[in-house]
Structure formats: C-alpha cells, structure tokens
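Listed here are the chains, written in short residue letters.
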Amino acid sequence: MPLGPDIVELLNRARADLRMGVPVAIRAGDDSGLIVAAETLSPERLVALTSMGSAQLAITDRRAATLKVAAYDGDVARLVLPDDATASWIEAVADPARDLSAPMKGPFRPIRDGSAALARAGVRLAKSARLLPAAVVVPMTVAPAVAQASGLTCLDWQRAAEELDRATVLHPVIHARLPMRAAEAGRLHVFRPEDGGEEHYAIEIGAPRRDQPVLARLHSACFTGDVLGSLKCDCGPQLHAALDQMGREGSGILLYLNQEGRGIGLTNKMRAYSLQDQGFDTVEANHRLGFEDDERDFRIGAALLRRMGFSSVRLLTNNPAKIRMLESQGIGVVERVPLKVGRSAHNAQYLATKAAKSGHLL
C-alpha cells in the first residue's frame, strides 16, 4: 500500500485546511484554481491570492436570493471580487449575521460566462467542512504547480465529488453495556465512518430480535436540546421519550447521528438561531445562510440498521421524509409511531414551521 494519502484522506486534509484559512488547489476537468473559505480568509492571504489572478466569490443560489443577486449558474452565483475588497467585506457577503451591521455591500457584479465548476467545488467543500457555503476562487492553470511548491492540498474534483456523493461506510469500533435511566439493559455501540467524519452511535435497549420489526428512532444530535434542555426545539424531549418508550416495551434501537442543526453543524445552527431572533423562521434562516432546508444524510441511519442486522422497523418519528429515506434504502417501515412531546410557548412557531414547510406530522 502506498504511503501517500488517498482521495478520502485528501478530502479530510482539504476540509481541515479550509477551516484554518489555508487555500486548497482544485482540478475540475479543464479548470483548475485555488479556493479558500470565505469566513476563514485572512487579509494577508487575500492579498496573496488576488495577486495571482482574477478572484471570484462563490455563493449558493439561496444566499444570492437574499442578496438580490442573479445566480446565472443555477445552484451557485459567481461574483466579481472588487479591487478594493477586504476580507471583512467578503465575510459580510457570506455571513447573514453581518446583513444588519454591514448592509451596503453592493453593487454586485455577477459573472454570467465561463465555467462554474470551481465555484461549485469551493461551495461544496466549504459546506462539507461545516463552514458557511461561500468561497473565494482564483482560477489559474498553474494551480497544481502552485500547490506543489507551497505545500497545499490538491484535489482532483471528479474523484472528490464521487467520494462526497458516496454513502458513508461505517465500521464498528466498540460496544459496551450501559445501564440507563430508561433501561438498565442498555448497550452503546460506536461506529466510525470510513471518510474520517464524526462518529455515530447506536443505543440498544434490551435484546431486540433481528427477525422482527424493531422499535427504532433516528435522532440527530442536538447539543442545545439534548444536553442544555433548550426550549427552542423539541429534540431533548423526543430523545428521552423515545428511550423511555423502548424501556417500557423492553427493547428498541436509537441511532444517535452526529448531524447537528439538520446537518449544518452547531456553529451554523447558532447563526440560524441569531437570524430567528430577527424574525426569520428556521427554514428562512437556513436559506439566508446559504443552506437547504435540511442537509442531513439519512442513508447513515439505514446503513447502521443494516449493520446491526435489522431489516424492518417501527419508526418513532413525525417526519415522513425519514420513512421515505429508509424505505428507499431497503429498510421496511411497518409502522410510524408518533412522537409528539416537548411543545412549549418557546417552540410553537418552530414546530408550526416544521409542519408547514417540512411536512412534519404534528
């Protein structure tokens, strides 16, 4: 086996680089260039990048709609970077938290012609690093050579995109007995994804039979609700109600998936909360940040169920999308078990939005 990194390892290196503000070189078909995440770009690196070529700022169509900018490329918009653009200006364009403090950011000059391959790569890579989905892009034919000379990570985007599209392969790491308030007969399983992402957990209550539908819950991590008891959502009450019901029935499986904030990460979730304080609902806040309504990958849940030997479930959920996803991945859902708990004056509007815009059965 070669000592050098494979595409999975290079992707993880690229994510880490972007989080630290280090540029990454991309080869996308006939295009190549350097990209750096908008929110971590330093003034010094901005000067270095703009000296190498004509820089662009790539944002999603969702963020472009907020800024009233035409997204000529469909899913992304490319903006000409003004000669006097600063790192602070770039961050203000990318981050809606700055829309009130820095309202005068235009006029913008959207790019209509040429390839958007590098822009799409930059936005997608920033998003996969749990950063704001915006990137400064500097197209240049010599980007691979610059990367080699400067020690930068260089990605073949076709191979990287194929890896990002691929369902995550999960490997069991360890499991151990874990007596809990909900059930003394508990066991925690830890699974590590092959792509180097965050680990996911399966909490097994009792000894559920593999040849019968298991009472199951796919629960996305919610630090604010599960740990802090936040009243802005119903996540914490749902977690504990699901475990309690499994304890009463004597068996069940709860998958705890580390996809905080509908898959955008805790930092971006807090950005969305800040926008909600300005009067936007949860879906509108995600869109203003540049994200879709829901960025989670529920194929992970189906993969974990199969890995643990389950082929059919009685699913504790109010979300029909979870049912459709599991069934599309070969997991039978023989019953939807409602989980209507945790409503309060603080989250009534949040729950109403989930019902109206995300189809939750509340």
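As annotated in an unreviewed UniProt entry, the chain carries the name GTP cyclohydrolase-2 and comes from Albidovulum inexpectatum. Database annotation for the chain, UniProt heading Sequence similarities (unreviewed entry): "Belongs to the GTP cyclohydrolase II family." Under the UniProt heading Function (unreviewed entry), the entry covering the chain gives this text: "Catalyzes the conversion of GTP to 2,5-diamino-6-ribosylamino-4(3H)-pyrimidinone 5'-phosphate (DARP), formate and pyrophosphate."

In this numbering, the UniProt entry assigns the feature "binding site: Zn(2+)" (unreviewed entry) to Cys222, Cys233 and Cys235. Secondary-structure assignment places cysteine 222 in the loop between strand S10 (214–220) and helix H8 (223–227). If near-sequence neighbours (up to four positions away) are discounted, cysteine 222 is found in contact with Val227, Cys233, Cys235, Tyr256, Glu260 and Lys269. If you trace the backbone, cysteine 235 turns up in helix H9 (residues 235–249). The exposure class of cysteine 235 is buried, given its relative accessible area of 15%. Excluding its chain neighbours within four sequence positions, the residues that come into contact with cysteine 235 are His219, Cys222 and Asp226.

Moving on, we get to a nonpolar patch on the surface. Together, Phe223, Val227, Leu228, Leu266 and Met270 give the surface a local cluster of nonpolar side chains, amounting to about 450 Å² of exposed area. Elements that contribute at least two residues to the nonpolar patch include exactly H8 and helix H11 (266–277). Structurally, leucine 228 is set in the loop between H8 and H9.

With mixed pairing, 7 strands are arranged side by side in an open sheet as S7-S8-S9-S11-S10-S12-S13. Whereas interior strands pair on both sides, the edge strands pair on one side only; in this sheet they are strand S7 (170–177) and strand S13 (332–337). Within the sheet, the average angular offset between the axes of one strand and its neighbour, ignoring direction, is 25°. With 3 bridges joining them, S10 and strand S12 (residues 312–316) adopt parallel strand pairing. Following the sheet pairing, alanine 216 is matched in S12 by leucine 315. Across the sheet, H9 lies against strand S9 (200–205), S10, strand S11 (252–257), S12 and S13, angled at about 160° from S10, the strand it touches most.

Glancing now at the packing of aromatic side chains. Under the criterion given, the structure shown has 2 aromatic pairs. For the ring pair tryptophan 89 and phenylalanine 108, a centre distance of 6.2 Å and an interplane angle of 45° mean the geometry is tilted. Placement of the pair is tryptophan 89 in helix H4 (residues 87–94) and phenylalanine 108 in the loop between H4 and helix H5 (117–128), with a sequence separation of 19 residues. Centre to centre, the rings of tyrosine 201 and tyrosine 256 are 6.3 Å apart; their planes meet at 20°, and the pair counts as stacked. Here the residue tyrosine 201 occupies a position in strand S9, and tyrosine 256 occupies one in strand S11, the gap between them amounting to 55 residues. Among the residues examined, tyrosine 256 registers a relative accessible area of 16% and is labelled buried. Between the NZ or CZ atom of arginine 112 and the centre of the ring of tyrosine 72, over which it lies, the distance is 4.0 Å. Here the basic side chain of lysine 232 rests over the ring of tyrosine 273, its NZ or CZ set 4.7 Å away from the ring centre.

What counts as what
Residues numbered from 1 in each chain as written. Predicted model: local features only at pLDDT ≥ 70, side-chain atom pairs only at ≥ 80, totals over all residues. Heavy atoms only, no water. UniProt positions renumbered as here; feature names shortened; annotations may be inferred. Helix = DSSP H or I, 4+ residues; strand = E, 2+ residues; numbered from the N terminus. Contact = heavy atoms within 4.5 Å. Buried < 20%, exposed > 50% of the residue type's maximum accessible area, 1.4 Å probe, protein only. Patch = residues over 30% accessible without salt bridge, like charges linked within 9 Å, V, L, I, M, F, W, Y side chains within 5 Å. Areas by Shrake-Rupley, 256 points an atom, 1.4 Å probe, with all protein chains shown as cover. Salt bridge = Lys/Arg side-chain N within 4 Å of Asp/Glu carboxyl O. Pairing = 2+ DSSP bridges. Axes fitted to C-alpha atoms, helices over the stretch in contact; angles between N-to-C directions. Phe/Tyr/Trp six-rings, centres within 6.5 Å; stacked < 30°, edge-to-face > 60°. Lys NZ or Arg CZ within 6 Å of the ring centre and 35° of its normal.

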